[in-house]
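What follows is the residue order along each chain.
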Amino acid sequence: MKKSSTSVQELPGAAAQRPTPPPAWQPRTDPAPLLPDAEPYRALGTDAVAGADPGLLLRLYAELVRGRRFNTQATALTKQGRLAVYPSSTGQEACEVAAALVLREQDWLFPSYRDTLAAVARGLDPVEVLTLLRGDWHTGYDPREHRVAPLSTPLATQLPHAVGLAHAARLKGDDLVALALVGDGGTSEGDFHEALNFAAVWRAPVVFLVQNNGFAISVPLAKQSAAPSLAHKAVGYGMPGRLVDGNDALAVHTVLTEAMARARRGEGPTLVEAVTYRVEAHTNADDATRYRHDDEVETWRAHDPVRLLERELTERGILGEEGVRQAAEDAEAMAARLRERMNADAVLDPMDLFAHVYADQTSQLREQADQLRAELAASAGEGSGEAR
């Protein structure tokens, strides 16, 4: 018998009997409009700046300067033992600030553990934002009051929560959009797949912002994804993918504003990939020199988001020396207040362990609370006896 040129041999006449796929196989959506552009969208250095609101540009700049100072101060607090850990977003401030400023009052922010700056730019008390990283009381702030979900330490688990909230809001007729932030490493988690799939099927009013900072701890992007870009992943779920320069604050703000408006109109979710870089180590417990070279870091420092916007606004006459000085002074004043308040020891109540776990405490929690209360009372009694 003549050897077949294919790896699968068929009986004579089998081709004629091969069934034709039913119509259900055909694409449900034209993929072309969903594909991201070949290059990240940029606004700085283009005519887009001339058409932008000067007030917005100046606010973006002020928040970037404040965010940079917040990062350096929080990093210093870890060295002083006032924070247990801090994942710096230095170099990524444009993503964080833009994410906060595109939100309306009724919208929700779903941050990851690195997105402390976005929460601060949203208007939260910086000390409350750092409370979780301090190892202190629960989240540190009321998510419902501020419409900012708890900082998510597990990778990508906040994404399905964002979709669930957005879908519920749509069913209730509430006018809100959920903006969910995640890193490039989080796109390799199952929660990422599930969130995008449900969001697209339900046409939920949610926007996903992937901050591609080059590394998932020590793993470079090329070792976790072979996709042309992370924005291309959107097509597989039936939503648009957008690619943007994550160090261009105006560009990120523009792309996110469009995505939020699209979601608010009922047209479904968008996946935005912001290409940026993590200048500092993963956290203060990480040694980044073991997996990347200083030359690479210095190359990205030349594309610093604060300097990029400052140079653009200065050259266009929108920002002067007085504005630069005022932004720096405001940021330093914020850092001083943060230092002073973080240097005060927290007043801890052990009974808080049982608060806000359930709306109605279970019998087990009540039993455990009673046991701890008795132990604390006994310990206090022993202490007073020794004092006598």
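Residues numbered from 1 in each chain as written. Predicted model: local features only at pLDDT ≥ 70, side-chain atom pairs only at ≥ 80, totals over all residues. Heavy atoms only, no water.

Quick word on the pattern of salt bridges
Then comes step 1: By the definition in use, this model includes 21 salt bridges.
Then comes step 2: When the shortest N-O distance is used, the salt bridge between E63 and R66 registers 3.3 Å. Of the two residues, E63 and R66 are both situated in helix α2 (residues 54-79); the distance of three residues between them amounts to about one turn of the helix.
Then comes step 3: Exposure remark for R66: the relative accessible area of 25% places this residue in the partly exposed category.
Then comes step 4: One salt bridge in this structure joins E267 and R262, with 4.0 Å as the shortest N-O distance.
Then comes step 5: Owing to a relative accessible area of 31%, E267 belongs among the partly exposed residues under this scheme.
Then comes step 6: What you see here is one network of salt bridges that share partners, running through R68, E93 and D304. (Salt bridge = Lys/Arg side-chain N within 4 Å of Asp/Glu carboxyl O. Helix = DSSP H or I, 4+ residues; strand = E, 2+ residues; numbered from the N terminus. Buried < 20%, exposed > 50% of the residue type's maximum accessible area, 1.4 Å probe, protein only.)

Some thoughts on the pairing of strand β2 (residues 178-183)
Here is the key point about a regular strand: its side chains alternate between the two faces of the sheet.
Then comes step 1: A large share of β2 lies buried, amounting to five of its six residues.
Then comes step 2: Bridging between strand β1 (residues 108-110) and β2 involves three bridges; their strand directions are parallel. For W108, the partnering residue across the bridge sits in β2 and is A178.
Then comes step 3: Sheet topology note: the β2/strand β3 (residues 206-212) ladder contains six bridges and is parallel. By the bridge assignment, G183 is partnered in β3 with Q211.
Then comes step 4: Taking the sense of rotation as the criterion, the β-α-β connection linking β2, helix α8 (residues 190-202) and β3 turns out right-handed. (Pairing = 2+ DSSP bridges. Right-handed = clockwise from strand over helix to strand, strands pointing away.)

Examining the pairing of β3
Then comes step 1: Burial runs high along β3: seven of the seven residues are buried.
Then comes step 2: Taking every second residue as pointing to the same face, both faces of β3 are buried, with V206, F208, V210 and N212 on one and V207, L209 and Q211 on the other.
Then comes step 3: Two elements, β3 and strand β7 (residues 270-275), share six bridges in a ladder whose sense is parallel. Of the residues in β7, the one forming a bridge with N212 is V275.

What about the packing of aromatic side chains?
Then comes step 1: If you walk through the whole model with that rule in mind, you get six aromatic pairs.
Then comes step 2: Ring plane angle 75° and centroid distance 6.3 Å describe the contact between F215 and Y277, whose orientation is recorded as edge-to-face. With F215 in strand β4 (residues 215-216) and Y277 in the loop between β7 and α10 (294-301), the pair connects residues that are 62 residues apart, well separated along the chain.
Then comes step 3: For Y277, a relative accessible area of 3% puts it in the buried group. (Phe/Tyr/Trp six-rings, centres within 6.5 Å; stacked < 30°, edge-to-face > 60°.)

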